[in-house]
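Commentary on secondary and tertiary structure
So you can see what is in the structure, the chains are spelled out below.
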Amino acid sequence: MGSQTNDHHQLHAVFFPFMAQGHVIPTIHMAKLFASNGSKVTIILSTSYFIPLLSKSIENYTSMIDIINIKFPAAEVGLPEGVDNPHAVANPSGDMIQKYFRGCRQLGPQLEQILDQIRPDCLVADMFFPWANDVAAKFGIPTLLFHGTCCFALCASTSVFLHEPHKKVSSDSEHFFIPDFPDKIEITRSKLPEFVRYDNGSELTKVFKAMREVESRCYGVLINSFYELEQGYADHYRKVLGRKAWQIGPLFLTEPNNKMVDSNNQHECLKWLNSKKPNSVIYVSFGSLASFNDEQLMEIATGLEASGHQFIWVVKKEKVKGVEEEWLPEGFEERMKERGLIIRGWAPQVPILEHEAVGGFVTHCGWNSTLESVCAGVPMVTWPVAAEQFYNEKLSEAIRNAVSKIMEGEEAEEMRSRVKSVGEIGRNAIKEGGSSMLDLHVLFHDLRSARH
Ligand SMILES: O=c1ccn([C@@H]2O[C@H](COP(=O)(O)OP(=O)(O)O[C@H]3O[C@H](CO)[C@@H](O)[C@H](O)[C@H]3O)[C@@H](O)[C@H]2O)c(=O)[nH]1
């Protein structure tokens, strides 16, 4: 009787995302997934920067999803007014980002007030806010951490955290294996994030240490991935590392099919792609945060021109009228007029990857991009830049091998008749009855049971 009553209780989940595109986008998808499965949702934003994106994304969900905009203490940590999100920080490795993270730690009292008022059934807190677990615990509210990345990267970074293999090598370039790991994966210290490599007491080092510690004692972890993609690592994460986790992705596939977009409303680049042959264009983009200096951009431009291939290249730079662009070889745009398209600012990445003219993706291996590419069946050229992207690159290699196994060789025919691609398995995972939807239902059941 008791559990039946529980199963009808409407859940209320509060989402508290880190204010960067790579975290906000999957959080919006997750919030909509929760809402369309009957949960009430509140999203806390610590900047107004994302209000337009969020409001538009949830316009059909307004009765189910509330937004609360809290104030980021910019002035209190010595940041100019308005610098309240990582995209507003000019140099991500400089002093401002340290201040930004210090400001994040001061959001506690505002979170506490909201949780006290709403008393939700769970808090989904971004990994950058590990302290949120203790705030929620004051009210007996279970906290689910959201890292934004895959099981593979979580297992790798946990192993490096626990065993510190990088402290046992004599140079940044000496190879070592990730210890206590399902596969033999070789890496070097130079590929670890700086804050892990040097343990330098920076704000990021503190956050990552706290996050690893909280991960083992919070209610559990939500993962934007699907079981079939990285079965060995999903099992390792749960059974060997002992983490409670639910894989509920690929979250972006919960959005309506992008191919259905009204052709009159199509972005220019999609119209351009319509005029190209299948698999003839390479898409080049490094996510929402990576920044390159003019010399690096010049190298990329030169490489693209020399490749002889058609391309779409996303560059996070505005064109200033009448100002000579230092980062492009002279006459580049004129020469590339027919062959290449530079998108300045924001590109419609998912529809681009899903377009049949796109045959390859040069990516920094942000997890969202990796997953989007895998699901679109687009091969990747990997160019990791920061964070856990070097781990994602290793999983990308494993995926590439898995895709080859599906596409080539003796077993191929039989396997192809069962599954067309890894992407199709992903699409099935988020359909009713698929592995991710089952995990979501298990989570909802667990949360209802956790109510006292
Ligand atoms: O012009 C653009 C640029 C990006 N995107 C989208 O923005 C997201 C970018 O996410 P991701 O590929 O994960 O890259 P980052 O923005 O760099 O993500 C950060 O967050 C990820 C999730 O935690 C981590 O895996 C990365 O290392 C970290 O840099 C993806 O959904 C893209 O489709 C666009 O739609 N248009």
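Residues numbered from 1 in each chain as written. Predicted model: local features only at pLDDT ≥ 70, side-chain atom pairs only at ≥ 80, totals over all residues. Heavy atoms only, no water.

**Focus on the domain arrangement of the protein**
Quick note on the threshold: Domain delimitation follows an automatic or database domain assignment. For any pair of parts, buried area is found by adding up, for both, the accessible area (1.4 Å probe) each one loses once the two are put together. Salt bridges are counted wherever a side-chain nitrogen of Lys or Arg sits within 4 Å of a carboxyl oxygen of Asp or Glu. Each polar contact in these results corresponds to two N or O atoms within 3.5 Å; when the atoms are within protein, one needs to be able to donate a hydrogen and the other to accept it, and residues that are neighboring in sequence are counted only if both atoms are side-chain atoms. What counts as a helix is a DSSP run of H or I of at least four residues, what counts as a strand is a run of E of at least two, and both are numbered from the N terminus. Residue polarity is assigned by list, with Asp, Glu, Lys and Arg as charged and Ala, Val, Leu, Ile, Met, Phe, Trp, Tyr, Cys and Pro as nonpolar; anything else, Gly included, falls into the polar class.
You can read the domains of the protein as domain 1 (12-256 + 432-450) and domain 2 (268-429). The straight-line distance from the C-alpha centre of domain 1 to that of domain 2 is 25 Å. Regarding the contact of domain 1 and domain 2, the summed buried area is about 2,600 Å², with carbon and sulfur atoms giving 73% of it. The largest contributions to the domain 1 side of the interface with domain 2 come from K191, L229 and F252, which together make up 22% of the buried area. The interface formed by domain 1 and domain 2 holds 0 salt bridges in total. On the surface where domain 1 and domain 2 come into contact, there are 7 residue pairs in polar contact (both at pLDDT 80 or more). Only α2 (21-36), α7 (151-163), β7 (186-188) and α19 (435-450) provide two or more residues apiece to the side of domain 1 that touches domain 2. The greatest single-element share of the side of domain 1 that touches domain 2, amounting to 5 residues, is contributed by α7. Across the side of domain 1 that touches domain 2, the residue classes tally to 21 nonpolar, 12 polar and 4 charged.

**Here's the deal with the sheet that holds strand β10 (residues 281-285)**
The condition is simple: Two strands make a pair as long as DSSP finds a minimum of two bridges between them. Only the contacting stretch of a helix is used when fitting its axis, a line to C-alpha atoms as for every element, and angles between N-to-C directions run 0 to 180 degrees.
Read from one edge of the open sheet, 5 strands run β12-β11-β10-β13-β14, paired in parallel fashion. One side of each edge strand has no neighbouring strand; the edge strands of this open sheet are β12 (340-344) and β14 (380-382). Averaged over all pairs of adjacent strands, the angle between strand axes in this sheet comes to 15 degrees, irrespective of strand direction.

**Structural notes on the pairing of strand β5 (residues 143-146)**
In the case of a regular strand, side chains alternate between the two sheet surfaces. Basically, it comes down to this: Only protein chains enter the accessibility calculation, which uses a 1.4 Å probe. A residue is then buried if its area is under 20% of the maximum for its type, exposed if over 50%, and partly exposed in between. When the strands point away from the viewer, a crossover counts as right-handed if the path from the first strand over the helix to the second runs clockwise.
Alternating residues of β5 divide into T143 and L145 and L144 and F146, and every residue in both groups is buried. Two elements, strand β4 (residues 122-126) and β5, share 4 bridges in a ladder whose sense is parallel. When the sheet's bridge partners are listed, A125 is paired in β5 with L145. Handedness of the crossover is the feature at issue here: the chain leaves β4, passes through helix α6 (residues 132-137), returns alongside β5, and the resulting connection is right-handed. Sheet topology note: the β5/strand β8 (residues 220-223) ladder contains 3 bridges and is parallel. Each bridged residue has a counterpart across the sheet, and for F146 the counterpart in β8 is L222.

**Quick notes on the site of the ligand**
For clarity, the cut-off: Near, as used in this document, describes a residue that has one of its heavy atoms within 4 Å of the molecule or strand being considered. Under the convention used here, a 1.4 Å probe and the Shrake-Rupley method define accessible areas, while residue burial counts only the protein chains that appear.
Taken together, 23 residues form the shell around the ligand, and within it S288, A347, S369, E372 and E388 come nearest. Between an oxygen atom of the ligand and a side-chain N or O atom of K316, the distance comes to 3.1 Å. Contact distances for the ligand include 2.5 Å between an oxygen atom and a side-chain N or O atom of E388. Summarising the interface, the protein chains cover 94% of the accessible area of the ligand, which totals 700 Å² for the free molecule. Listed by contribution, the elements that provide at least two residues to the shell around the ligand are α2, α15 (367-376) and α16 (389-407). Ranked by the residues each element gives to the shell around the ligand, the list is headed by α15, at 4 residues.

**Thoughts on the pattern of salt bridges**
A full pass over the atoms with the stated rule returns 24 salt bridges. In this structure, K40 engages D66 in a salt bridge whose closest nitrogen and oxygen atoms are separated by 3.3 Å. In this pair, K40 sits in strand β2 (residues 40-45) while D66 sits in strand β3 (residues 65-69), placing the two residues 26 residues apart along the sequence. Accessibility expressed as a relative area gives 34% for D66, which makes it partly exposed. Salt bridges sharing partners connect three or more residues here, namely R102, R105, E203 and K206.

**Considering the sheet that holds β4**
Using the following cut-off: Two residues qualify as a contact provided that any one of their heavy atoms is within 4.5 Å of a heavy atom in the partner residue.
In spatial order, the strands read β3-β2-β1-β4-β5-β8-β9; together these 7 strands make up an open sheet with parallel pairing. Each of the sheet's edge strands pairs with one partner strand only, and the pair in question is β3 and β9 (245-247). Across the sheet, the mean angle separating the axes of adjacent strands is 20 degrees when strand polarity is ignored. Strands β1 (12-16), β2, β3, β4, β5 and β8 of the sheet are contacted by α2, whose axis makes an angle of about 175 degrees with β1.

**Notes on the environment of K277**
Here K277 lies in the loop between α11 (268-274) and β10. Looking at K277, the relative accessible area reads 66%, which means it is exposed. Separated by 96 residues in the primary sequence, K277 and S373 have C-alpha atoms spaced 19 Å apart.

**Regarding the packing of α7 against helix α10 (residues 231-240)**
What counts, and what does not: If an angle is under 35 degrees, it is roughly parallel; if it is over 145, roughly antiparallel; if it lies from 65 to 115, roughly perpendicular; otherwise it is oblique. By convention the crossing between two helices is left-handed if the near helix lies anticlockwise of the far one by an angle smaller than a right angle, and right-handed if it lies clockwise.
Axis separation between α7 and α10 bottoms out at 8 Å; the angle between their running directions is 45 degrees. When the axes of α7 and α10 are compared, the pair comes out oblique. Like other packed secondary-structure pairs, α7 and α10 cross with a definite hand, here left-handed. From α7, C151, F152, L154 and C155 reach across to α10, where they touch Y233, A234, H236 and Y237.

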